[in-house]
Amino acid sequence: MTAGNETAEKPARAQPGPVTNLLAGGVGGICLVITGHPLDTIKVRLQTQQPGQAQFKGTLDCALQTVRHEGVRGLYRGMLAPLIGVTPMYSICFFGYGVGKQLQTKSPNQELSLLQHFNAGMVAGVMTTVIMAPGERIKCLMQIQQSMKGEAKYSGSMDCARQLFREGGIRSVYRGTAATLLRDVPASGLYFGGYEFLLNWLTPEGKSRKDLSPGRVLLAGGVAGMANWGWAIGPDVLKSRFQTAPEGQYTGIRHVFRELIIYHP
């Protein structure tokens, strides 16, 4: 650098390492589960109502009945399973996203297209299903186990896992894996692809993403999450019904779909 050039370039910001990503993803995931689980409980209870036997009139009625009969703790039924799995799940999710990007690039600095980000997100969705599917099965069973309907079958999430394994082995624990893939693979692609698109769109001309305000980043993540659930809610209904139904009620996801369309409550 010459004496006349007094302005030095700022050093590039070091990328966070795997441990940092794991900790950040774990803390973020725990916050997500704690804040979102009550609404998830209501969602699953509404999704699993049987045709002609609807107990709840809607979201608010479900929330009020749950609190009235079970207390606020009723909204947090089954939270242990996703809480235990959230840190490794997010670690695997972002690891899978990284793998998906590497499979489509020839150099680390290559810019990916939105389609490539979508494809990388789908890879992440495949990998997270390994943890997501059994956690969802246990969570859903615990969420629909309502004290107002008699004695509870499961004393907790771990007891639920033990009973599922004892009754049907690992296949019972992983029941609903195909539906989880149907939900999470395209949904993860939409999330990561949508997030990249929104960050690009929200970045002012002539500036970089480092100049984005926290509010804009939050907006991008929120809208990307809405895109995620725009796809995921349909398969999620099928998954919840299949995972919580008695053994033998459904032969598969297509059977759930046919019954839902013909005999919808």
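Only a predicted model underlies this, so the values are computations on that prediction, with no experimental measurement involved.

1. Overview of a nonpolar patch on the surface
Together, Ile30, Ile34, Val67, Val72 and Tyr76 make up an exposed nonpolar region whose accessible area comes to about 380 Å². If you trace the backbone, Val67 turns up in helix 2 (residues 59–70).

2. Points about the environment of Leu190
Mapped onto the secondary structure, Leu190 falls in helix 6 (residues 177–202). In this structure, the C-alpha to C-alpha distance between Leu190 and His117, residues 73 residues apart in sequence, is 8.9 Å. Those residues in contact with Leu190, other than ones at most four positions away along the chain, are Phe118, Tyr195, Ala227 and Trp231.

3. Quick look at the confidence of the model for the chain
In the predicted model, the chain carries a mean pLDDT of 85, and the fraction of residues at 70 or more is 87%. The lowest-confidence element of the chain is helix 1 (residues 18–47), averaging 82 in pLDDT; the highest-confidence one is helix 6, averaging 95. Low pLDDT (under 50) marks residues 1–15, which in the prediction has two contacts with non-local residues, meaning those over four places away or in another chain.

4. Structural notes on helix 5 (residues 157–173)
Here helix 5 contains 17 residues, and its C-alpha end-to-end distance of 12 Å is more than 12% below the 24 Å for a straight helix at 1.5 Å per residue. Considering bend angle alone, the principal kink of helix 5 is centred on Glu167 and spans about 110°. Of the surrounding elements, those touching the buried residues of helix 5 are helix 3 (80–102) and helix 4 (114–143).

5. A closer look at the UniProt feature "transmembrane region" (unreviewed entry) in the chain
Here, UniProt's "transmembrane region" (unreviewed entry) annotation points to residues 78–97 and 117–135. Secondary structure over residues 78–97 splits into 90% helix and 0% strand, and the C-alpha atoms at its two ends are 28 Å apart. For residues 117–135, the end-to-end C-alpha separation is 26 Å, with 100% helix and 0% strand making up the annotated structure.

6. Quick notes on the packing of aromatic side chains
Enumeration over the complete set of coordinates arrives at four aromatic pairs. With a centroid separation of 5.4 Å and 85° between ring planes, the pair formed by Tyr191 and Phe192 is classed as edge-to-face. On the accessibility criterion, Tyr191 (26% relative accessible area) is partly exposed. By relative accessible area, which is 6% here, Phe192 ends up buried.

7. Some words on the packing of helix 4 against helix 6
Contact geometry of helix 4 with helix 6 gives a least axis separation of 6 Å together with a crossing angle of 140°. Between helix 4 and helix 6, the interaxial angle falls into the category oblique. Between helix 4 and helix 6 the crossing geometry is right-handed.

8. Looking at the nonpolar core
Here is a general trend for soluble globular proteins: nonpolar side chains tend to be buried in one another's company. Judged by nonpolar contacts, Ala179, Val237, Leu238, Phe242, Ala245, Tyr250, Ile253, Val256 and Leu260 together constitute the single largest core of nine residues. By size, the runner-up hydrophobic cluster in this structure holds eight residues, among which are Ile138, Leu141, Cys160 and Leu164.

Cut-off values and rules
- Residues numbered from 1 in each chain as written.
- Predicted model: local features only at pLDDT ≥ 70, side-chain atom pairs only at ≥ 80, totals over all residues.
- Heavy atoms only, no water.
- Patch = residues over 30% accessible without salt bridge, like charges linked within 9 Å, V, L, I, M, F, W, Y side chains within 5 Å.
- Areas by Shrake-Rupley, 256 points an atom, 1.4 Å probe, with all protein chains shown as cover.
- Salt bridge = Lys/Arg side-chain N within 4 Å of Asp/Glu carboxyl O.
- Helix = DSSP H or I, 4+ residues; strand = E, 2+ residues; numbered from the N terminus.
- Contact = heavy atoms within 4.5 Å.
- pLDDT = per-residue confidence, 0-100.
- Expected span 1.5 Å × (residues − 1).
- Bend = angle between axes of the 7 residues up to and from the residue.
- UniProt positions renumbered as here; feature names shortened; annotations may be inferred.
- Phe/Tyr/Trp six-rings, centres within 6.5 Å; stacked < 30°, edge-to-face > 60°.
- Buried < 20%, exposed > 50% of the residue type's maximum accessible area, 1.4 Å probe, protein only.
- Axes fitted to C-alpha atoms, helices over the stretch in contact; angles between N-to-C directions.
- Parallel < 35°, antiparallel > 145°, perpendicular 65-115°, else oblique.
- Left-handed = near helix turned anticlockwise from the far one by under 90°.
- Core = buried A, V, L, I, M, F, W, Y, C linked by side-chain atoms within 4.5 Å.

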